[in-house]
Amino acid sequence: MVVYISEAHALDGASPNTMRNAPLVEEPITFEERYSVAGTCMASLALKRLPAVVDGMDNATNRNYQAQPDRIYLVGKDGKIAYAGRRGPRGFSPFELEQAIRKELQPAEPVSEPPVPEQELKN
Amino acid sequence: MLHAITLSLILALQQDAPAATQAPTVWELLQQKYDSNGDFKISPKEHGRGEDAFANLDADGDGFLTQVDMEAPSWGPGRRANKRKKNMRSRTVQPPKVGTVAPDFELRVLMHEETKAKEAKSSERAKSKQQELQTAATKKPETMRLSSFAGKKPVALIFGSYT
């Protein structure tokens with residue numbers, strides 16, 4: 001699930017992206033604007049196959065997960081954090097996520113019976 | 001940041017594509033949107049997007065946005081101050097660790113244009129105009145709660161933005 005959060009390099013933000021070809025996006029100031037930019041983002045980057053949600057303007061989810069500018073987590077079936085990626089962009093590792101998913105989906109090892117003491121076997 | 005992931009792919013595709021119309025510059029975009037009196041400068045009132053955003057763009061700090069601000073180095077005094085503030089704020093909360101309960105959230109689901117169009121079409125077929133209006137007035141936007149997946153399946157959370 002993609003969680004769209006506030007812009008990392010908005011043109012009117014504290015760290016603008018000055019690269020050529022970078023999209024010219026202002027930091028949304030209303031939820032409607034944020035929702036609209038999120039839609040453009042998912043469409044432009046061909047990510048529409050992934051489910052996506054949009055963080056509220058209080059940025060609570062972003063803050064709780066310290067997600068800015070980007071970060072990956074895997075939440076296990078038990079509702080606990082199974083993998084916590086490092087802060088992006090350097091710590092943004094889809095490879096690590098793949099490993100974590102494989103581990104999470106592995107069937108649980110069968111619980112082995114405790115070995116029967118030798119004396120009991122003789123009896 | 002999600003932009004960075006697919007940038008190389010987009011660039012590769014663009015090499016084969018016919019020449020597209022040139023994208024506007026930052027100044028062209030701002031002037032078109034905010035220079036309501038056409039005097040080639042934008043006042044804070046015309047801009048109307050808050051003090052921080054204005055200070056970030058006003059590289060020479062003269063209280064107006066002009067083409068010169070966009071040609072000047074992007075790190076004007078306002079932007080430097082706001083960057084410091086942002087860094088201070090981001091250090092106050094620790095990220096959740098492995099093995100701890102994932103902080104819950106309930107957020108609005110992003111509906112893609114195709115889905116919206118499909119829903120509108122089916123709603124057109126199925127309901128009368130009055131019924132449709134009533135439904136639209138009472139229908140809540142669809143949300144997703146993280147904890148609703150607990151006990152059912154794991155969830156990968158990919159946080160990011162366009163830039």
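Residues numbered from 1 in each chain as written. Chains lettered and ligands numbered in written order. Predicted model: local features only at pLDDT ≥ 70, side-chain atom pairs only at ≥ 80, totals over all residues. Heavy atoms only, no water.

Peer 1: For this particular structure, what's the right way to read the interface of chain A and chain B?
Peer 2: For interface size, the figure often reported is the accessible area lost on association. Across the boundary between the two partners, chain A contributes 74 residues, which contact 64 residues of chain B. Across the interface of chain A and chain B, roughly 6,100 Å² is buried in total on both sides, 64% from carbon and sulfur atoms. Our count for the contact surface shared by chain A and chain B stands at three salt bridges. The shortest N-O distance in the salt bridge between A:Glu26 and B:Arg49 comes to 3.7 Å. At the surface where chain A touches chain B, the tally comes to 28 residue pairs in polar contact (both at pLDDT 80 or more). Broken down by secondary-structure element, the contributors of at least two residues to the side of chain A that touches chain B are β1 (2–4), α1 (31–44), β2 (52–54), α2 (60–64), β3 (71–75), β4 (81–84) and α3 (94–105) of chain A. Residue contributions to the side of chain A that touches chain B peak at ten residues, all from α1(A). Here the side of chain A that touches chain B is composed, by residue class, of 44 nonpolar, 16 polar and 14 charged. Strand direction decides the pairing type here: β1(A) and strand β3 (residues 155–160) of chain B, joined by three bridges, are parallel. What sits directly across from A:Val3, in β3(B), is B:Phe159. (Contact = heavy atoms within 4.5 Å. Buried area = accessible area lost by both parts, 1.4 Å probe. Salt bridge = Lys/Arg side-chain N within 4 Å of Asp/Glu carboxyl O. Polar contact = N/O pair within 3.5 Å; in protein donor to acceptor, adjacent residues only side chain to side chain. Helix = DSSP H or I, 4+ residues; strand = E, 2+ residues; numbered from the N terminus. Nonpolar A, V, L, I, M, F, W, Y, C, P; charged D, E, K, R; others polar. Pairing = 2+ DSSP bridges.)

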